[in-house]
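If you want the building blocks of each chain, they are given just below.
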Amino acid sequence: MSLAKKVCKLVFENIPFLQRYNLKLSRLVLEETESRHVELSGLFSMDDSQGAANDKLLDLSHAIIDRARKTSLPLLKERDAPDLAHVWPGEHYKLLSALVEELQPAIILEIGTYTGLSALAMIPVLPKKSELITFDIIPWNEIENTFLQSKDFEDGGFSQIVSDLTQIENAKKYESLLQTADFIFIDAAKDGSMEKKLFENLQEVGLKKNALLMFDDIRVWNMLAFWREISYPKLDLTSFGHWTGTGLVDWNND
């Protein structure tokens, strides 16, 4: 690292005000595009990046992109979800539904319930006897403007666990569940530290070999370093998922 880069790094790490000010100016420039929503991102070289995509991820991406083109989201329509939830590419809901339909996973974990839109995209295509378990630190019925309803939980295929998996004691509490998951969708705080801590805890307890993870918002500023540091096979599917970033990770570090 050059001396100039070291000085800049030292300044921005120790004077948070300057960092916030710099990002605010950058955001103001981008907002001149008059886009509905603006986020800061970055571009990185690929030749020196960890976690190159493997054949499994490339083949899967081709299959789910094709499925997403023909996917409908009946529960989101029924619940009058915002029109943007049906936008594809641009939002991840159709891609998420297509992935579940393609993979036919027995155990799906969602980390970050919020208003339930992602869960409602997956529920209609859940295979028989499959389970979708969503984690959050707030019960679903305490979230303002939730799209979930009590009847969604009645048949036992969908449930919520209120727990913070960034705490290692909680991750260990649900170790056996985490180790049986075929697919984990992670849509957490996007603060650059929560996802990293969660990922470390998943490594600590261990996941099923070849489990698939999907991360939301990998192109958002706070998530850039975390995504780049993942050494497992991974694939950025942002152009076919969420405009703020959609990334797939194959839990296979052979």
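Refer to the structure printed above.
Structural notes, computed from the coordinates. Treat the numbers as computed from the prediction; the structure is a model and nothing was measured. (Residues numbered from 1 in each chain as written. Predicted model: local features only at pLDDT ≥ 70, side-chain atom pairs only at ≥ 80, totals over all residues. Heavy atoms only, no water.)

### Some points on the packing of helix α3 (residues 55-68) against helix α5 (residues 93-103)
We count it as follows: To get an axis, fit a line to the C-alpha atoms, keeping to the stretch in contact for a helix; angles then go from 0 to 180 degrees between the N-to-C directions. Per the convention used, a helix needs a DSSP run of H or I reaching at least four residues, while a strand needs a run of E reaching at least two, with both numbered from the N terminus. Roughly parallel means an angle under 35 degrees; roughly antiparallel, over 145; roughly perpendicular, 65 to 115; everything else is oblique. The crossing is said to be left-handed when, going from far helix to near helix, the turn is anticlockwise and less than a right angle, and right-handed when the turn is clockwise. In what follows, residue pairs with any heavy atoms lying within 4.5 Å of each other are defined as contacts.
As a packed pair, α3 and α5 sit with axes 8 Å apart at the nearest point and diverge in direction by 120 degrees. The pairing of α3 with α5 is recorded here as oblique in orientation. Crossing of α3 over α5 shows right-handed handedness. Across from L60, A63, I64, I65, R67 and A68 in α3, the residues of α5 making contact are K94, L95, A98, L99, E101, E102 and L103.

### Considering α3
Definition in use: Multiplying one less than the number of residues by 1.5 Å gives the expected span of a helix. Burial status follows relative accessibility: with a 1.4 Å probe on protein chains alone, a residue under 20% of its type maximum counts as buried, one over 50% as exposed, and anything between as partly exposed.
In this model α3 runs 20 Å from its N-terminal to its C-terminal C-alpha over 14 residues, within 8% of the 20 Å that 1.5 Å per residue would give. Burial in α3 covers these residues: L57, L60, S61, A63, I64, I65 and A68. Elements that come into contact with the buried residues of α3 comprise α5, β5 (212-216), β6 (234-236) and β7 (246-250).

### Considering the sheet that holds strand β2 (residues 131-136)
Formally: Pairs of strands are assigned from DSSP output, requiring at least two bridges between the strands.
Strand order in the open sheet made by the seven strands is β3-β2-β1-β4-β5-β7-β6, with mixed pairing throughout. Two strands lie at the open edges of the sheet, namely β3 (158-162) and β6, each paired on one side alone. Recorded for the sheet is a direction-independent mean angle of 15 degrees between the axes of neighbouring strands. Note: strand β4 (residues 183-186) against β5, four bridges, orientation parallel. In the sheet register, I184 faces β5, and the bridge partner there is L213. Contacting β1 (107-111), β4, β5 and β7, α5 runs over the sheet at an angle of about 180 degrees to β5.

### Here we look at the packing of aromatic side chains
Heads up, the condition is: Between 30 and 60 degrees the pair is tilted, below 30 it is stacked and above 60 it is edge-to-face, where a pair is any two Phe, Tyr or Trp rings, Trp via its six-membered ring, whose centres lie within 6.5 Å.
Taken as a whole and assessed by the stated rule, the structure comprises nine aromatic pairs. Measuring from ring centre to ring centre gives 5.4 Å for F135 and Y174, while their planes differ by 80 degrees; the resulting arrangement is edge-to-face. Here Y174 lies in the loop between α7 (168-173) and α8 (175-180) and F135 lies in strand β2, a separation of 39 residues in the sequence. For F135, a relative accessible area of 1% gives the class buried. We classify Y174 as buried; its relative accessible area is 18%.

It is worth stressing that arrangement in space is one thing and function is another; only the former is reported here.
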